[in-house]
Amino acid sequence: QVQVVESGGGLVQPGGSLRLSCVVSGSIFSLYDMGWFRQAPEKQRELVAGITSGGMSNYADSVKGRFTISRDNAKNTVYLQMNSLKPEDTAVYYCAVRRIPLQSYNYWGQGIQVTVSS
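Residues numbered from 1 in each chain as written. Predicted model: local features only at pLDDT ≥ 70, side-chain atom pairs only at ≥ 80, totals over all residues. Heavy atoms only, no water.

Asks: Quick question: what am I supposed to make of the pattern of salt bridges here?
Replies: Where charged atoms from two side chains of opposite charge approach closely, those side chains can pair. Overall, the coordinates contain five salt bridges when judged by the stated rule. Between Glu46 and Arg38 there is a salt bridge, with the nearest N and O atoms lying 2.7 Å from each other. Each of Arg38, Glu46, Arg66 and Asp89 takes part in one network of salt bridges that share partners. (Salt bridge = Lys/Arg side-chain N within 4 Å of Asp/Glu carboxyl O.)

Asks: Sorry if this is basic, but what is going on with the packing of aromatic side chains here?
Replies: The geometry of an aromatic ring pair is captured by two quantities: the separation of the ring centres and the angle between the planes. By the definition in use, this model includes three aromatic pairs. Plain terms: the ring middles of Phe37 and Trp108 are 4.8 Å apart, the flat faces sit at 50 degrees to each other, and that makes the pair tilted. Placement of Phe37 in strand β4 (residues 33-39) and of Trp108 in strand β10 (residues 107-108) is noted, with a sequence separation of 71 residues between them. Residue Phe37 is classed as buried on the basis of its relative accessible area of 11%. (Phe/Tyr/Trp six-rings, centres within 6.5 Å; stacked < 30°, edge-to-face > 60°. Helix = DSSP H or I, 4+ residues; strand = E, 2+ residues; numbered from the N terminus. Buried < 20%, exposed > 50% of the residue type's maximum accessible area, 1.4 Å probe, protein only.)

Asks: Honestly, the sheet that holds strand β1 (residues 3-7) in this entry has me stumped. Any pointers?
Replies: Backbone-to-backbone hydrogen bonds join strands into a sheet, with any given pair of strands oriented parallel or antiparallel. An order of β1-β3-β8-β7 is seen for the four strands of this open sheet, with the pairing classed as antiparallel. In this open sheet, the two edge strands, each paired with only one partner strand, are β1 and β7 (67-72). Ignoring strand direction, the axes of neighbouring strands in this sheet form an average angle of 15 degrees. Relative to strand β8 (residues 77-82), strand β3 (residues 18-25) runs antiparallel, the two being bridged by six bridges. From the neighbouring strand, Ser21 faces β8, where its bridge partner is Tyr79. (Pairing = 2+ DSSP bridges. Axes fitted to C-alpha atoms, helices over the stretch in contact; angles between N-to-C directions.)

Asks: Hey, could you run me through the nonpolar core in this one?
Replies: Across soluble globular proteins, nonpolar side chains have a tendency to be buried as a group. One finds Met34, Trp36, Val78, Leu80, Met82 and Tyr93 to be the most contacted residues of the largest nonpolar core, which totals 30 residues. Residue assignment for this core shows that the elements contributing at least two residues are β3, β4, β5 (46-51), β7, β8, β9 (91-98) and β11 (112-116). Setting aside anything within four residues of it in sequence, one finds Met82 in contact with Gly16, Ser17, Leu18, Leu20, Arg66, Phe67, Tyr93 and Val114. (Core = buried A, V, L, I, M, F, W, Y, C linked by side-chain atoms within 4.5 Å. Contact = heavy atoms within 4.5 Å.)

Asks: How should the side chain of Arg38 be read in this particular structure?
Replies: Structurally, Arg38 is set in strand β4. Of the residues examined, Arg38 reaches a relative accessible area of 6% and is grouped as buried. Within the structure, the side chain of Arg38 is placed 2.7 Å from the side chain of Glu46, a separation counted as a polar contact. Within the structure, Arg38 has its side chain in polar contact with the side chain of Ser62 (distance 3.4 Å). (Polar contact = N/O pair within 3.5 Å; in protein donor to acceptor, adjacent residues only side chain to side chain.)

Asks: Quick question: what am I supposed to make of the side chain of Arg66 here?
Replies: Here Arg66 is to be found in the loop between β6 (57-59) and β7. Residue Arg66 is classed as buried on the basis of its relative accessible area, which comes to 10%. In this structure the side chain of Arg66 is engaged in a polar contact, spanning 2.8 Å, whose partner is the side chain of Asp89.

Spelled out as structure tokens, the structure:
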């Protein structure tokens, strides 16, 4: 029923930028919280940024000032603008949907690779 599809990943040099997009279908997008997670090799998955249905956002300390999460409810899409990328940002990035605030995320995308390397 609910599908979550990420796009926009790839290979960039340190200091470069990427914008990830996530399109959600089969749900009432505007009512849900959204999040971007990432998992680097041999590391735990971590929350990178989240945005509530009301537009409030939060970020991991490691990306504050560099990444921006936003949403366009008319397009059922959430974005992650990533600037000043560092090699340690290299990971598989996942988009996730949360139906109930403060609870677990319910639906996940398959993930998209972001590689930062010179």
